[in-house]
Amino acid sequence: MPRISSIFLRCLAVSFLLASYERVAAGEEAREAFDAFLKERSGGKVEHVLGMVGFFGEPLPPQWLILFSTDLSRDVLHESVVSKGQIRAERTFRRLPNQDLPTIPIRRQELKIDSGRAFELAEEVAKKAKVSFENAHFQLRCRDAGKEPVWMIQFLGRAQVSLGSVYLSARSGEILRVSWVQPKAVPEKDSGLETFASGRGAK
């Protein structure tokens, strides 16, 4: 089963802060951003998309951060910020030892459940659990078994505190795991996502 990749999200959140942030009224589907990324970078090199994250979905995030590799045999990784069908910012970095970053490429044809539908399915689970939220963070990466892409929808409440997450298959929409934060639980103080969220402030 997949689990919350705090290191993956923390690394992506930090670089996301460094990118020029463009706030738009409407959100963007993940497949739309995925296709725009591949089209814009179709310069002869094969791009291996390893993961995608989107922040502050209401219900969809305004832009996506795409983690990719041009050579899976190397530790060099790249990130692109995509919104409105264009790459807005990029950076290159090296994978550090023991970093929990994705290694399995996402096959575009396997991404049958788009971010909007993933949110709807996760929202149904949240409603049944009587979880009231403000917005959501999205993460897409492949699980180890069968190279299946998996959505993690993390719901956030007031002050952008995590309420829990719903994991579901991006291939079938099947709910794979649900994890809610206990009401009296103390939020992790050094979470990169919390730091990033506090930068924008609560609604």
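Residues numbered from 1 in each chain as written. Predicted model: local features only at pLDDT ≥ 70, side-chain atom pairs only at ≥ 80, totals over all residues. Heavy atoms only, no water.

Draft legend 1. Focus on the nonpolar core. Within the largest apolar cluster, 34 residues are counted, with the highest numbers of intra-cluster contacts made by Met52, Phe138, Trp151, Ile153, Phe155 and Leu168. Sorting the residues of this core by element identifies α2 (30-40), β1 (48-57), β2 (64-69), α3 (115-128), β5 (135-142), β6 (149-156) and β7 (162-169) as the ones contributing at least two each. For this core, the element with the highest residue contribution is α3, accounting for six residues. (Core = buried A, V, L, I, M, F, W, Y, C linked by side-chain atoms within 4.5 Å. Buried < 20%, exposed > 50% of the residue type's maximum accessible area, 1.4 Å probe, protein only. Helix = DSSP H or I, 4+ residues; strand = E, 2+ residues; numbered from the N terminus.)

Draft legend 2. Here's a closer look at the sheet that holds β6. Taken in spatial order, the eight strands make up an open sheet running β4-β3-β2-β1-β5-β6-β7-β8, and their pairing is antiparallel. The sheet is open, and its two edges are formed by β4 (86-94) and β8 (175-180), each paired on a single side. Pairs of neighbouring strands in the sheet enclose a mean axial angle of 15°, with direction left out of account. Across five bridges, the pairing between β1 and β2 is antiparallel. Bridge pairing links Met52 to Ile66 in β2. Relative to the sheet, α3 contacts β2, β5, β6, β7 and β8, its axis offset from that of β6 by approximately 55°. (Pairing = 2+ DSSP bridges. Axes fitted to C-alpha atoms, helices over the stretch in contact; angles between N-to-C directions. Contact = heavy atoms within 4.5 Å.)

Draft legend 3. Spotlight on α2. Of the positions making up α2, those classed as buried are Ala30, Ala33, Phe34, Ala36 and Phe37. Seen from one end, α2 has its buried residues packed into an arc of 165°, which puts them on one side. Where α2 is buried, its residues meet β1, β2, β3 (76-83), β4, α3 and β6. (Arc of directions from axis to C-beta.)

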